[in-house]
Amino acid sequence: MKQFERRIGNPMDDDTGAQKLHVLWIDWTNHIVSFHEELGYERLEFATRKDKMEYVFQKGASGFRIQ
C-alpha cells in the first residue's frame, strides 16, 4: 500500500518564498476525488489552487464523485 507523503514546514520559516501545496487524493477504482487524505487513494499535487480546481471539475464532468 502506498504511503502518503507529508510535507511539514519549518516552524522557524516565515511565508517568504514558501509555496503552498494544493493536494487532492483520487481513487481510480471507485472514481472518487477527495479533498482529504484517504487510505489507499493516490495523492496528487498541483502548483496552484486554480489547477487543482480545474482538475476537480474535469473529473466531476467525467463521472467522478467529489468528497
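Throughout this document, residue positions are counted from 1 along each chain, in the order its sequence is written. Where local features are concerned, this predicted model is filtered to residues with pLDDT of at least 70; where side-chain atom pairs are given and counted, the filter is 80 or more; whole-chain, interface and lining totals use all residues. The basis for the side-chain values is all heavy atoms of the structure; hydrogens and waters are excluded.

Side note on the packing of aromatic side chains
Part 1: Ring geometry is summarised as follows: Phe, Tyr and Trp rings, the Trp one being its six-membered ring, pair when their centres sit within 6.5 Å, and such pairs are stacked at plane angles under 30 degrees, edge-to-face over 60 and tilted between the two. Inspection of the entire model under this criterion finds 2 aromatic pairs.
Part 2: Between the aromatic rings of tryptophan 28 and phenylalanine 64, the centroid separation amounts to 5.9 Å while the plane-to-plane angle is 90 degrees, which identifies the pairing as edge-to-face. Here the residue tryptophan 28 occupies a position in the loop between β1 (22-27) and β2 (32-34), and phenylalanine 64 occupies one in the loop between α1 (49-61) and β4 (65-66), the gap between them amounting to 36 residues. Comment: elements are numbered from the N terminus, with helices defined as DSSP H or I runs of at least four residues and strands as E runs of at least two.

Section: the nonpolar core
Part 1: One finds Leu24, Ile26, Val33, Leu44, Phe46, Tyr55, Val56 and Phe64 forming the largest nonpolar core, which totals 8 residues.
Part 2: Counting residues per element, the ones that place at least two in this core are β1, β3 (42-46) and α1.
Part 3: If sequence neighbours within four positions are ignored, valine 56 has contacts with Leu24, Val33, Phe35 and Ile66. In this description, a nonpolar core means a group of buried Ala, Val, Leu, Ile, Met, Phe, Trp, Tyr and Cys residues linked to one another through side-chain atoms lying within 4.5 Å. Accessible area is worked out with a 1.4 Å probe on protein chains only. A residue is then buried under 20% of its type maximum, exposed over 50%, and partly exposed in between. Should any heavy atoms of two residues lie within 4.5 Å, those residues are counted as being in contact.

Topic: the environment of phenylalanine 46
Part 1: Position of phenylalanine 46 among the secondary structure elements: in strand β3.
Part 2: Remark: the alpha-carbon pair of phenylalanine 46 and histidine 22, spanning 24 residues in sequence, is separated by 5.1 Å.
Part 3: If we ignore the near neighbours within four places in the chain, the residues touching phenylalanine 46 are His22, Leu24, Asp51, Lys52 and Tyr55.

Honestly, that's just the spatial picture; any functional story needs more than this.
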